[in-house]
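# Structural characterization, general
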Amino acid sequence: MIVIHDFGVSLAEYFSLGRNNEFPSLDKCLACKAKAELLRHGYYERNAIQEKEYRIVILRLKCRHCQKTVSIL
């Protein structure tokens, strides 16, 4: 599952911040609707192109109830 989030920074700045970006936390699972904060479940990399190509990190969150994961893009 994917959540689109506006980080309020340029792609170049997002790239330079990497894992230090201000990632949002989710307090409700989008799949099972459980009201519990989703746990950080690691990162993966993805290509992003805007005048230049970047390899950016994407945060994954996991629901402790249904075990579904969510990516914050």
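Residues numbered from 1 in each chain as written. Predicted model: local features only at pLDDT ≥ 70, side-chain atom pairs only at ≥ 80, totals over all residues. Heavy atoms only, no water.

Let us now look at the sheet that holds strand 3 (residues 52–62). Strand order in the open sheet made by the 4 strands is 1-4-3-2, with mixed pairing throughout. The two strands at the open ends of the sheet, each matched to only one other strand, are strand 1 (2–3) and strand 2 (39–50). Two elements, strand 1 and strand 4 (residues 69–72), share 2 bridges in a ladder whose sense is parallel. Bridge assignment links Ile2 to a residue of strand 4, and that residue is Ser71. (Pairing = 2+ DSSP bridges. Helix = DSSP H or I, 4+ residues; strand = E, 2+ residues; numbered from the N terminus.)

On to the environment of Arg40, then. Topologically, Arg40 is positioned in strand 2. Along the primary structure Arg40 and Arg60 are separated by 20 residues, whereas in three dimensions their C-alpha atoms are 6.2 Å apart. When residues no more than four places from it in sequence are discounted, the contact partners of Arg40 are Phe23, Leu59, Arg60 and Leu61. At 2.9 Å, the side chain of Arg40 and the side chain of Tyr43 are in polar contact. (Contact = heavy atoms within 4.5 Å. Polar contact = N/O pair within 3.5 Å; in protein donor to acceptor, adjacent residues only side chain to side chain.)

What is shown is where atoms sit, not what they do.
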